Amino acid sequence: MLRLLRQEDVVEWHSMPCAMHLSRKRVRTIAEGLLKYRYVQDVIMCAIVNQKIYILDGLHRISAFRLSNLSEVIADVRFHYFKTMESAVRTYVKFGTVVKMRKVAHYAKRLVN
């Protein structure tokens, strides 16, 4: 759902334990686009586990938003609730829709096996 996303909203958002490393170049490129358009492209998927928010898909975009120092942007953020981190990781691997998720699966499988 499209919403106004504020810096204070994302302060406590965490990367998944199996998240890949961030590309600084990609984060800077996305931040430049945010400064120009004030809109985050594509859906940001988050998991809520034990009242903590973890970024399933969109870590580069959230990092770029943090870097941009914009007070707010428009973003499509979707939240999914999980009872355990294991179930969130399994979903992260099983239902990932972007190509990079295949690479992440290698790291995530270590957590659940």
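The present account deals with the structure reproduced in this document. (Residues numbered from 1 in each chain as written. Predicted model: local features only at pLDDT ≥ 70, side-chain atom pairs only at ≥ 80, totals over all residues. Heavy atoms only, no water.)

**Looking at the overall build of the chain**
Of regular secondary structure, the chain possesses five helices and five strands. Its helices and strands taken in sequence order, the chain reads β-α-β-α-β-β-α-β-α-α from the N to the C terminus. Within the chain, the proportion of its 113 residues that are buried is 37%. Partitioning the contacts of the chain with sequence separation of at least 6, the portion at a separation of at least 24 is 80%. Carbon together with sulfur atoms contributes 53% to the accessible area of the chain, which is approximately 7,500 Å² in total. (Helix = DSSP H or I, 4+ residues; strand = E, 2+ residues; numbered from the N terminus. Buried < 20%, exposed > 50% of the residue type's maximum accessible area, 1.4 Å probe, protein only. Contact = heavy atoms within 4.5 Å. Areas by Shrake-Rupley, 256 points an atom, 1.4 Å probe, with all protein chains shown as cover.)

**Comments concerning the side chain of Gln7**
Its location among the elements puts Gln7 in helix α1 (residues 7–10). Within the structure, the side chain of Gln7 is placed 2.8 Å from the backbone oxygen of Leu70, a separation counted as a polar contact. Excluding residues within four positions of it along the chain, Gln7 makes contact with Phe65, Arg66, Ser68, Asn69, Leu70 and Ser71. (Polar contact = N/O pair within 3.5 Å; in protein donor to acceptor, adjacent residues only side chain to side chain.)

**Quick word on the packing of helix α2 (residues 24–37) against helix α3 (residues 59–68)**
Packing of α2 against α3 leaves a shortest axis separation of 8 Å and a crossing angle of 60°. Crossing handedness for the pair α2 and α3: right-handed. Along the contact surface, α2 presents Arg26, Val27, Arg28, Ile30, Ala31, Leu34 and Leu35, while α3 presents His60, Arg61, Ser63, Ala64, Phe65, Leu67 and Ser68. (Axes fitted to C-alpha atoms, helices over the stretch in contact; angles between N-to-C directions. Left-handed = near helix turned anticlockwise from the far one by under 90°.)

**Points about the sheet that holds strand β4 (residues 52–57)**
Hydrogen bonds between backbone atoms are what pair the strands of a sheet, whose relative direction is either parallel or antiparallel. Taken in spatial order, the five strands make up an open sheet running β1-β5-β3-β4-β2, and their pairing is mixed. This sheet does not close on itself; its edge strands, each paired only once, are β1 (2–6) and β2 (14–15). Taken together, the five bridges between strand β3 (residues 39–49) and β4 define a ladder with antiparallel strand orientation. Within the sheet, the bridge partner assigned to Met45 lies in β4 and is Asp57. Relative to the sheet, α3 contacts β1, β2, β3, β4 and β5 (72–82), its axis offset from that of β3 by approximately 110°. (Pairing = 2+ DSSP bridges.)

**Re the environment of Val10**
Its place among the elements puts Val10 in helix α1. Residue classification places Val10 among the buried residues on the basis of a relative accessible area of 0%. Once the C-alpha coordinates of Val10 and Phe65 are considered, the two residues, 55 residues apart in sequence, prove to be 9.0 Å apart. Those residues in contact with Val10 that lie beyond four places of it in its chain are Leu5, Ile62, Phe65 and Arg66.

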